[in-house]
Each structure stands twice: as structure tokens, then as C-alpha cells.
Amino acid sequence: MRKGDYMIRRVKNEDAKRLVEIYNYYIRETEATLELKELTEKEYLERIHQVTSFYPWLVYEEKGVIYGFAYLDKFNTRKAYATTADLSIYVDHTLKRKGIGKRLYQEIEKLGLSLGLCKIISLVTTSNRTSISFHKAMGFTKLCLIKNAAYKHGKWVGVTFLEKNVQSIVTPSLNKDEPSYRNKVE
Ligand SMILES: CC(C)(COP(=O)(O)OP(=O)(O)OC[C@H]1O[C@@H](n2cnc3c(N)ncnc32)[C@H](O)[C@@H]1OP(=O)(O)O)[C@@H](O)C(=O)NCCC(=O)NCCS
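The structure presented is a predicted model; accordingly, all values stated were derived computationally and were not measured.

### Some points on the overall build of the chain
Part 1 of the argument: Of regular secondary structure, the chain possesses four helices and eight strands.
Part 2 of the argument: The N-to-C order of helical and strand elements in the chain reads β-β-α-α-β-β-β-α-β-α-β-β.
Part 3 of the argument: Its C-alpha atoms give the chain a radius of gyration of 16 Å, within 12% of the compact-globule value 16 Å for 186 residues.
Part 4 of the argument: C-alpha extents for the chain along the principal axes are approximately 45 × 40 × 30 Å.
Part 5 of the argument: The 186 residues of the chain split such that 26% are buried.
Part 6 of the argument: Put simply, of all contacts in the chain between residues at least 6 apart along the chain, 66% involve residues at least 24 apart.

Structure follows, in C-alpha cells:
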């Protein structure tokens, strides 16, 4: 999707370098993600391939530079959970609160709907107030808090589960083992 100066498009192999740069900042400097060790470009490319075997992954680009990304992934590997997906969304730390996250989220939700997903879940660390506010603004509601779920940067971290029902249907259209999205990454 192209609008004015920006476009939101499917991820490509060549994006891995820039995406891991955006993501590694949050591994290194924050508890927004609970990974402890920065990833290499190769490791990140493997993640892109793994996720996009089944789910959509979008990047936000302005004048040829990527400033954010969002993807859906398995919430749980048990097959009957296929109607629920887990959201990851990251915006370059220098460009937060400029509407990039919202644009990305709106597009990834549309793709989730087209897959037949019913529910999107997001796990947010409790210190990440920005993300909690963002998710609420996108229509998510808080489900529960798991206190001291993780330990990073020398402190205990709680994790809040948030959910958004993207469609409420009695019998989901998704009747396969897996979402049918196949995002061939080139
Ligand atoms: C969370 C994140 C993806 C949001 O993206 P963003 O581009 O910064 O957010 P947007 O500008 O699209 O904000 C959309 C709405 O969310 C809410 N919001 C966003 N940042 C907020 C903040 N710092 N304080 C309060 N509300 C905020 C507002 O309602 C905002 O709308 P408004 O600006 O019109 O008031 C981004 O800040 C980010 O990458 N954070 C670090 C990584 C992270 O925490 N990822 C999520 C892991 S669970």
C-alpha cells in the first residue's frame, strides 16, 4: 500500500539488515522485548523465513528507508489455536509517536482478517507504558498480568497479556490446520 510519502509492503530478504538494526536497539536498551542477546542479520533472516511461512510480515518505508515493521505469528503451536495470532510491532526508536505504528497495525490487522483470524494477542512488558497505551488505542483490552515473568537487565519484569477480537464469528472460516497465508519472501 502506497500513500503519499510512505508505503507499507511485504518484507523482503534484503530488509533483514535494517530490521535487525531497529530490533537490536530494543534488545540492547530496553525490556520491550525479552530477548537478551542481539541477533545477527542471518539469524533475523531465518526468523523472517520462519514467520512468513504462515503469517504476514509488513514493513513501513519512507523514501526507501524502513522505519518500522509488524508481523503476526503463532500464538501457540497447538493446531486449534490457529484462529489466534500473536502480534509483534517495532518502530525505529527515533521516530516513535508519529503514526507509524498505527498505520502498520491497521494493515496487519486487515491481513489477519483476510486469513480468517478471530483474535490477536499481544504480550507487553509492564514497564512498557508506551506500548500498553498504543495497544489500547488500537482497540486491545488488558487480559491479565503475569508478575515477575522474566528477568532482564538485572530486574524482574512483568508481562501483560492484551487481546483484540478482530471478528466475532461462531464458526471460524479458518478450517485448515494453519493460516493459509504464504508470504513468499524474495
Ligand atoms: C509501541 C509502538 C509500536 C507504537 O508505535 P508508534 O508509531 O510510536 O505509535 P503511533 O504514533 O502510531 O501511536 C498511535 C496511538 O498510540 C498511542 N500512543 C503511542 N505512543 C504513546 C505514548 N508514548 N504515550 C501515550 N500514548 C501513546 C496514542 O493513542 C497514539 O495516537 P495519538 O498519537 O494520535 O495520540 C512504538 O512506540 C514502538 O516501537 N515501541 C518500542 C517497541 C515496542 O514496545 N513494541 C511493542 C512490543 S509489545
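### Focus: the site of the ligand
Part 1 of the argument: Close to the ligand lie 20 residues, the nearest being Lys96, Gly101, Lys102, Ser133 and Ala137.
Part 2 of the argument: Looking at the shell around the ligand, the elements with two or more residues in it are β5 (84-91), α3 (100-115), β6 (119-125) and α4 (129-137).
Part 3 of the argument: Sort the elements by how many residues they give to the shell around the ligand and α4 lands first, with five residues.
Part 4 of the argument: Here the residues of the shell around the ligand sort into nine nonpolar, seven polar and four charged.

### Looking at unusual backbone geometry
Part 1 of the argument: Of note, Lys63 is a non-glycine position whose phi angle comes to about 45°, a positive value.
Part 2 of the argument: Inspection of the secondary structure assignment puts Lys63 in the loop between β3 (57-62) and β4 (65-74).
Part 3 of the argument: Phi is positive for Asn148, which is not a glycine, with a value near 50°.
Part 4 of the argument: Residue Asn148 is classed as exposed on the basis of its C-beta count, with 11 C-beta atoms lying within 10 Å.

Here is what the cut-offs are and how they apply
- Residues numbered from 1 in each chain as written.
- Predicted model: local features only at pLDDT ≥ 70, side-chain atom pairs only at ≥ 80, totals over all residues.
- Helix = DSSP H or I, 4+ residues; strand = E, 2+ residues; numbered from the N terminus.
- Rg over C-alpha atoms; globule rule 2.2 N^0.38 Å.
- Buried ≥ 20, exposed ≤ 12 C-beta atoms within 10 Å, placed from the backbone.
- Contact = placed C-beta atoms within 7 Å.
- Near = placed C-beta within 6 Å.
- Nonpolar A, V, L, I, M, F, W, Y, C, P; charged D, E, K, R; others polar.

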